[in-house]
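Secondary and tertiary structure notes
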Amino acid sequence: MNSRNLVFYLVFTAGLLTLGCNESLPEGINKVIPVKIKVLLDGSPLPEADIQLFGSDAVAGIAISGQTNTEGVAVLRSVKGNWIKTGAPTGNYKVTIQKVMPVKGEKSAAEIESMSIEEKKAYYVQISQARQKAELPFPKTYTSSKTTPLTLEIDDSSVEIPLSLDSVSK
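Scoring rules and cut-offs
Residues numbered from 1 in each chain as written. Predicted model: local features only at pLDDT ≥ 70, side-chain atom pairs only at ≥ 80, totals over all residues. Heavy atoms only, no water. Salt bridge = Lys/Arg side-chain N within 4 Å of Asp/Glu carboxyl O. Helix = DSSP H or I, 4+ residues; strand = E, 2+ residues; numbered from the N terminus. Buried < 20%, exposed > 50% of the residue type's maximum accessible area, 1.4 Å probe, protein only. Pairing = 2+ DSSP bridges. Axes fitted to C-alpha atoms, helices over the stretch in contact; angles between N-to-C directions. Core = buried A, V, L, I, M, F, W, Y, C linked by side-chain atoms within 4.5 Å.

Overall, the coordinates contain 3 salt bridges when judged by the stated rule. One salt bridge connects E106 with R131, and the closest N-O pair in it is separated by 2.3 Å. Taken together, the positions of E106 in the loop between β10 (91–98) and α2 (109–113) and R131 in helix α3 (residues 117–133) put the pair 25 residues apart, joining distant regions of the chain. Residue class for E106 comes out partly exposed when judged on its relative accessible area of 33%.

Strand order in the open sheet formed by 6 strands is β8-β7-β5-β4-β10-β11, and the pairing between neighbours is antiparallel. Looking along the sheet, the strands with just one partner apiece sit at the ends: β8 (83–86) and β11 (151–154). The mean inter-strand angle of the sheet, taken between neighbouring strand axes irrespective of direction, is 30°. As judged from the 4 bridges shared by β10 and β11, these two strands associate in the antiparallel manner. Bridging from a neighbouring strand, G91 pairs with I154 of β11.

For the rest of this paragraph, the subject is the nonpolar core. Among the nonpolar cores identified, the biggest contains 28 residues, and I51, L53, I97, I154 and L165 are the most heavily contacted of them. For this core, the elements supplying multiple residues, two or more each, are β1 (32–33), β2 (36–41), β4 (50–54), β10, β11 and β12 (160–165). Listed in part, the 5 residues of the second largest apolar core include I112, M115, Y123 and I127.

Without other data, these values stay purely geometric and don't point to any function.
Now the structure itself:
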């Protein structure tokens, strides 16, 4: 290998090694805190709920979300383009909660796999319509950033933030 190719190879390899090692924050993003949210519904953990945070213009273009586990705890993750970080930037947020409710007649993956394409189409239409009609265990106002009364602040001391929901609107 001649010296010119060796230099190119070394520069190319160094570039590949540093690719993905950039821990810097995207422009305009506050410090990211590794935070969890504990969601309680009427005092009990709310499992398998999707949490989304909506912030000010300072965090525009960043998606902040997590899904609760069986204990009602969601680890938040922030995404902007190719940048992904566990946690959320410091700031004030509106919080929305979504939950896919099980519906009568749902089939297992094995049962769906054995269906014809036409049967699958009909099944998915039926399940989709049933899910749209399914009752959430909490008020629908929690599902939209325009109507949610849920807010929280993430600061340097945030570790696990409690979020209490009521099954009925007050």
